[in-house]
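Chains, contacts and geometry: an overview
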Amino acid sequence: LEATLPDQPRSQHPALPKDVARWMAPAATPKPRVGPSSARVRAPAPARFTGELGVGAVFGARGVTPAFAPVGRISYGGEGLFARISVVAPALGGEVTGPDGSATIRQDTAIVDIGVAWPRRTPWAVVGSFGAGAYHWHVAGEAAPPYLAHDADAWGALGDLGIGVLARLGATASWGMLLDVHALVLVPDVSVHIADTDAGGSARPLFFASAGFWSEL
């Protein structure tokens, strides 16, 4: 008698259903995600001194024509926060007139303020600042007869609030331009009297605008 044995299967394990095999397959290794933590972070620029030269106008005083002055500034700080010293002097051209005479006014102003520029690393930025300082007004009078003309000086403190636009130029943003305007509050107020008339004086606020070029020192 001859007996035929069935062929032995090649694998000792029966084939799994496709859905089960897919479930048991090894998980694919996830690709690394590129996020903020893996991005290259630029180190902040070191603090530096900068100088600025420009021109400014003082305007808005009660009964006084606008005056114009050179502006000099020295700042120290990084890309965003800075401290600054500004000198606006002498501001010439201010004049007060009345029925019995007139007076010319020379204005000198010094301000120490703290400011911030934002965004910190773009070619253009908005600048805001606040501070305090001192002022000096020299008034030279001219009177019609029978009145006598006098010269007088006024000194005091001031508060400052400013806003402007900053341009960063050059390959390393080492120079640029600044346009800004400031509101100044003088304490005490200044009044200019011609004969018996209060012809003009300081205002609250008094405004100062400037345009200048700045450069790293």
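Structural notes, computed from the coordinates.

Definitions and limits used
- Residues numbered from 1 in each chain as written.
- Predicted model: local features only at pLDDT ≥ 70, side-chain atom pairs only at ≥ 80, totals over all residues.
- Heavy atoms only, no water.
- Core = buried A, V, L, I, M, F, W, Y, C linked by side-chain atoms within 4.5 Å.
- Buried < 20%, exposed > 50% of the residue type's maximum accessible area, 1.4 Å probe, protein only.
- Helix = DSSP H or I, 4+ residues; strand = E, 2+ residues; numbered from the N terminus.
- Patch = residues over 30% accessible without salt bridge, like charges linked within 9 Å, V, L, I, M, F, W, Y side chains within 5 Å.
- Areas by Shrake-Rupley, 256 points an atom, 1.4 Å probe, with all protein chains shown as cover.
- Salt bridge = Lys/Arg side-chain N within 4 Å of Asp/Glu carboxyl O.
- Polar contact = N/O pair within 3.5 Å; in protein donor to acceptor, adjacent residues only side chain to side chain.
- Contact = heavy atoms within 4.5 Å.
- Phe/Tyr/Trp six-rings, centres within 6.5 Å; stacked < 30°, edge-to-face > 60°.

This brings us to the nonpolar core. Core analysis: the largest hydrophobic core is formed by 25 residues, its most contacted members being Ile105, Trp137, Leu184, Leu186 and Leu206. Those elements that place two or more of their residues in this core are β2 (67-77), β3 (81-98), β4 (101-118), β5 (124-143), β6 (151-169), β7 (175-187), β8 (191-194) and β10 (206-216).

Turning our attention to a nonpolar patch on the surface. A cluster of nonpolar side chains, namely Phe59, Val126, Ile163, Val181 and Phe207, defines an oily patch on the protein surface of about 390 Å² accessible area. With respect to the helices and strands, Ile163 occurs in strand β6. On the basis of relative accessible area, Ile163 is assigned to the exposed category, the value being 52%.

What follows concerns the side chain of Arg73. By secondary structure assignment, the location of Arg73 is in strand β2. For Arg73, a relative accessible area of 4% gives the class buried. A polar contact of 3.0 Å, which involves the side chain of Arg73, links it to the side chain of Ser86. Ignoring sequence-local partners within four residues, the contact set of Arg73 consists of Thr50, Gly51, Glu52, Arg84, Ile85, Ser86, Leu178, Asp180, His182, Phe208 and Ser210.

Attention shifts here to the packing of aromatic side chains. In the structure shown here, the tally under the stated rule is 2 aromatic pairs. Plain terms: the ring middles of Phe49 and Tyr76 are 4.6 Å apart, the flat faces sit at 45 degrees to each other, and that makes the pair tilted. In this pair, Phe49 sits in strand β1 (residues 48-59) while Tyr76 sits in strand β2, placing the two residues 27 residues apart along the sequence. For Tyr76, a relative accessible area of 41% corresponds to the partly exposed category.

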